[in-house]
Amino acid sequence: ARAGGPALAGVPFARFGAGAVFLVNALSFGLAVAAMLLVRVRDVGRHRNPDATVRDGFRYLIGHRAMVLPPVIIAVGIMASIPLLQLVPVIATDVLGIGPERYGVLTAMFGLGGVVGAIVIGAFSHVLRRSLQIVGALMGMARMTLALGFAESYVAALIAMFGI
């Protein structure tokens with residue numbers, strides 16, 4: 001959805017405006033809600049207190065210090081990428097001077113890079129330690145974010161968004 005959605009939305013956005021694209025997006029969420037309403041949950045008895053389950057999880061993390069670093073690094077990466085995506089429209093219009101169609105492709109590169117990155121990580125998961133993969137991915141994201149900040153051409157921005 002992150003890769004194909006923006007690319008598909010670029011043309012309707014240019015032709016019909018943002019309102020039409022948001023309407024289609026809202027309708028797609030309606031389909032997801034309808035599908036969830038069709039799911040039947042079976043009663044499996046009484047569950048533990050959710051607060052106790054969360055506390056148990058944190059106790060486990062504290063007892064296994066090596067388990068703390070990956071979620072922290074991933075959280076930092078997520079917190080860095082969300083504001084970045086909010087700035088892409090400004091980069092597209094003010095720096096690159098592109099319209100909605102090319103903007104859709106630009107944002108689709110972010111999702112496509114994520115899909116390709118997941119495949120690459122899956123292919124090399126037996127070769128490199130996960131911690132090295134996570135640190136390498138975060139460092140690569142930082143480099144590509146800087147590259148996007150300095151990108152003056154559409155192609156350079158596409159490459160940076162894919163890398164991010």
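As the structure is a computational prediction, the values presented were derived from the model and not from experiment. (Residues numbered from 1 in each chain as written. Predicted model: local features only at pLDDT ≥ 70, side-chain atom pairs only at ≥ 80, totals over all residues. Heavy atoms only, no water.)

A. Main features of the overall build of the protein. Along the backbone of the protein there are 7 helices and 0 strands. Written out in order from the N terminus, the α and β elements of the protein read α-α-α-α-α-α-α. Since a compact globule built from 164 residues should have a radius of gyration of about 15 Å, the 20 Å found for the protein marks it as more spread out than a globular shape. If you line up the protein on its principal axes, its C-alpha atoms span 55 × 40 × 25 Å. Burial status across the protein gives 18% buried among its 164 residues. (Helix = DSSP H or I, 4+ residues; strand = E, 2+ residues; numbered from the N terminus. Rg over C-alpha atoms; globule rule 2.2 N^0.38 Å. Buried < 20%, exposed > 50% of the residue type's maximum accessible area, 1.4 Å probe, protein only.)

B. The arrangement of the confidence of the model for the protein in detail. The predicted model of the protein averages 85 in pLDDT, with 96% of residues at 70 or higher. Ranking the elements of the protein by mean pLDDT puts helix α1 (residues 4-16) last, at 78, and helix α7 (residues 154-163) first, at 96. (pLDDT = per-residue confidence, 0-100.)

C. Summary view of the packing of aromatic side chains. For the structure on display, the rule yields 0 aromatic pairs. For R102, the ring lying beneath its charged end belongs to Y154, and the centroid distance is 4.0 Å. (Phe/Tyr/Trp six-rings, centres within 6.5 Å; stacked < 30°, edge-to-face > 60°. Lys NZ or Arg CZ within 6 Å of the ring centre and 35° of its normal.)

D. Structural context of the pattern of salt bridges. Considering all chains together, one arrives at 1 salt bridge under this definition. For the salt bridge of R59 with D56, the shortest nitrogen-to-oxygen distance reads 2.8 Å. In this pair, R59 and D56 are both assigned in helix α3 (residues 50-63), 3 residues apart and thus about one turn of the helix distant. (Salt bridge = Lys/Arg side-chain N within 4 Å of Asp/Glu carboxyl O.)

E. Examining the nonpolar core more closely. In this structure, L96, I98, L106, L148, A157, M161 and I164 are the most contacted members of the largest nonpolar core, which totals 19 residues. Mapped onto this core, the elements with two or more residues apiece are α4 (69-96), α5 (100-124), α6 (130-150) and α7. Of the residues forming this core, the biggest block, 6 residues, is contributed by α4. When neighbours within four sequence positions are excluded, I164 is seen to be in contact with L84, F110, M141, M144, T145 and L148. (Core = buried A, V, L, I, M, F, W, Y, C linked by side-chain atoms within 4.5 Å. Contact = heavy atoms within 4.5 Å.)

F. Region of interest: the packing of α1 against helix α2 (residues 18-37). Relative orientation of the contacting elements α1 and α2 amounts to 135 degrees, with a least axis distance of 7 Å. In terms of orientation, α1 lies oblique with respect to α2. Contacts from A9, P12, F13 and F16 in α1 reach A18, A20 and V21 in α2. Counted by class, the contact of α1 with α2 contains 7 nonpolar, no polar and no charged residues. (Axes fitted to C-alpha atoms, helices over the stretch in contact; angles between N-to-C directions. Parallel < 35°, antiparallel > 145°, perpendicular 65-115°, else oblique. Nonpolar A, V, L, I, M, F, W, Y, C, P; charged D, E, K, R; others polar.)

G. Quick look at a nonpolar patch on the surface. A contiguous nonpolar surface patch, about 580 Å² in accessible area, is contributed by L112, V116, V120, F124, V127, L128 and L132. At 4 residues, the largest contribution of residues to the nonpolar patch is made by α5. By relative accessible area, F124 is classed as partly exposed at 45%. (Patch = residues over 30% accessible without salt bridge, like charges linked within 9 Å, V, L, I, M, F, W, Y side chains within 5 Å. Areas by Shrake-Rupley, 256 points an atom, 1.4 Å probe, with all protein chains shown as cover.)

H. Region of the structure containing the side chain of T107. Here T107 lies in helix α5. For T107, the residues in contact, after removing those within four places along its chain, are R2, P6, V88 and M161.

I. Just α4, in detail. Along α4, the helix axis deviates most sharply at L87, where the bend reaches about 35 degrees; the proline P89 sits within four residues downstream. Residues of α4 that are buried: I73, G77, S81, L84, L85, V88, I91, A92 and L96. For α4, the secondary structure elements touched by its buried residues are α5, α6 and α7. Looking one or two places after α4, you find G97, whose phi comes out positive at around 65 degrees. (Bend = angle between axes of the 7 residues up to and from the residue.)

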